[in-house]
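# Tertiary structure, described
Listed below are the residues making up each chain.
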Amino acid sequence: MSSNADMDELYQEIILDHFKNPRHFSELNDDEVLVDEYNPTCGDQIRMTAVVADGVVKDIRYDGHGCAISMASASMMAEAVVGKPVDEARQIIADFVAVMRGEKDSDLAELGDMASLEGVRRYPLRIKCATMSWHAISKAIDKIAT
Ligand code: ZN
């Protein structure tokens, strides 16, 4: 078993990897932006678009800028949600937000890379950094899914 310090270091590496190489990041044209989300306490900003077809989230793309937590969380969110049926996507979103708010204990094995963000719960001002992109995709899905 790893010590807590080893886990913290591993989690830092996972977050930095997503921050430096964000998955599904791509510059959006203004006319394809479904949601524009801003986190004033940190200055994080994200714009998002998504494709839903046949009841499945086929694609998510986003651009923006912000702290490592906000950008890494967006990358992890896109990885977790793309390819999922809308109902399942909504459940993943609700679970993650509940975990970050401390309303629910996480199952680390199920969360995958997202587990690396759990430590953010110790810093209440940063929780919005981690949840911003999840609120954005939730709104985007509401707009396009029937
Ligand atoms: Zn932030």
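What this report covers is the structure whose coordinates are included nearby. (Residues numbered from 1 in each chain as written. Predicted model: local features only at pLDDT ≥ 70, side-chain atom pairs only at ≥ 80, totals over all residues. Heavy atoms only, no water.)

## Brief notes about the sheet that holds strand 3 (residues 56-65)
Within the open sheet, the three strands sit side by side as 1-2-3. Their pairing is antiparallel. Looking at strand neighbours, the two that pair on one side only are strand 1 (35-39) and strand 3, the edges of this open sheet. Ignoring which end each strand starts from, the neighbouring axes of this sheet average 25° apart. Sheet topology places strand 2 (residues 44-53) next to strand 3; nine bridges connect them, and they run antiparallel. Of the residues in strand 3, the one forming a bridge with Arg47 is Asp63. Sheet strands in contact with helix 2 (residues 68-81) are strand 2 and strand 3, and its direction is about 170° off that of strand 3. Along the sheet, helix 5 (residues 127-144) makes contact with strand 1, strand 2 and strand 3, crossing strand 2 at roughly 35°. (Pairing = 2+ DSSP bridges. Helix = DSSP H or I, 4+ residues; strand = E, 2+ residues; numbered from the N terminus. Axes fitted to C-alpha atoms, helices over the stretch in contact; angles between N-to-C directions. Contact = heavy atoms within 4.5 Å.)

## Things to note about the coordination of the zinc ion
Surrounding the zinc ion are the protein donor atoms Cys42 (SG), Asp44 (OD), Asp44 (OD), Cys67 (SG) and Cys129 (SG), which sit 2.1 to 2.7 Å from the metal. Sequence positions of the residues that donate to the zinc ion give the spacing C-x1-D-x22-C-x61-C. In this pair, Cys67 sits in the loop between strand 3 and helix 2 while Cys129 sits in helix 5, placing the two residues 62 residues apart along the sequence. Of the residues examined, Cys67 reaches a relative accessible area of 15% and is grouped as buried. (Donors = N, O, S within 2.8 Å, 3.2 Å for Na, K, Ca; no water. Buried < 20%, exposed > 50% of the residue type's maximum accessible area, 1.4 Å probe, protein only.)

## Here we look at the nonpolar core
Counting 42 residues, the largest nonpolar core has Ile60, Trp134 and Ile137 as its most contacted members. Contributions of two or more residues to this core are made by helix 1 (4-20), strand 2, strand 3, helix 2, helix 3 (86-100) and helix 5. Take this core: its biggest share by element is nine residues, from helix 5. Apart from residues no more than four positions distant in its own chain, Ile137 is found in contact with Met48, Ala50, Ile60, Met77 and Ile93. (Core = buried A, V, L, I, M, F, W, Y, C linked by side-chain atoms within 4.5 Å.)

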